[in-house]
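This is what each chain is made of:
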Amino acid sequence: MKKNSLLVIIIFAVLGVFAYAVTEHLKLEECKKEKDSSRNTSFSVIKNLTEENHLLRAANDSLQNELKSLTQQK
């Protein structure tokens, strides 16, 4: 009877360690997903801001050229 009880205790201990390892692994995977998602969002924001910057520079150059032509006409 004592051997059976010890065997049951050992089995539950092993299952507990396994459950803990699985839980920690799942937490790590979730953190990786959040990090990747955050990184992708950051890259999207940077890309959009870069595109907007290029458009604003082009508009600025156009306005400067128009200003130059207007001041030359005077």
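Residues numbered from 1 in each chain as written. Predicted model: local features only at pLDDT ≥ 70, side-chain atom pairs only at ≥ 80, totals over all residues. Heavy atoms only, no water.

> I'd like a description of the overall build of the protein, backed by residues and values.
A count of helices and strands for the protein gives one helix and zero strands. In terms of C-alpha radius of gyration, the protein reaches 32 Å, well past the compact-globule figure of 11 Å for 74 residues. The principal-axis extents of the C-alpha atoms in the protein amount to approximately 110 × 10 × 5 Å. Sorting the 74 residues of the protein into buried and exposed places 0% on the buried side. Per element, the accessible surface of the protein, about 7,200 Å² overall, is 64% carbon and sulfur. (Helix = DSSP H or I, 4+ residues; strand = E, 2+ residues; numbered from the N terminus. Rg over C-alpha atoms; globule rule 2.2 N^0.38 Å. Buried < 20%, exposed > 50% of the residue type's maximum accessible area, 1.4 Å probe, protein only. Areas by Shrake-Rupley, 256 points an atom, 1.4 Å probe, with all protein chains shown as cover.)

> Break down the environment of G16 for me, citing the residues and quoting the values.
As for its placement among the helices and strands, G16 is situated in helix α1 (residues 2–73). When the C-alpha atoms of G16 and Q64 are compared, they prove to be 71 Å apart, with 48 residues separating the residues in sequence.

> Can you explain a nonpolar patch on the surface? Please cite residues and give values.
Together, L7, V8, I11, F12 and L15 line one region of the surface with nonpolar side chains, adding up to about 490 Å² of accessible area. F12 sits in the exposed class, given a relative accessible area of 58%. (Patch = residues over 30% accessible without salt bridge, like charges linked within 9 Å, V, L, I, M, F, W, Y side chains within 5 Å. Salt bridge = Lys/Arg side-chain N within 4 Å of Asp/Glu carboxyl O.)

> Just give me the short version of the pattern of salt bridges, but keep the residues and values in it.
This structure, assessed with the given rule, holds two salt bridges. With a closest N to O distance of 3.4 Å, E24 and K27 form a salt bridge. Taken as a pair, E24 and K27 lie in helix α1 at a separation of three residues, close to a single helical turn. The partner of R39 in a salt bridge is D36, with the nearest N and O atoms 3.5 Å apart. One end of the pair, R39, and the other, D36, are both in helix α1, three residues apart, so they sit about a helical turn from each other. By relative accessible area, R39 is classed as partly exposed at 38%. Residue classification places D36 among the partly exposed residues on the basis of a relative accessible area of 38%.

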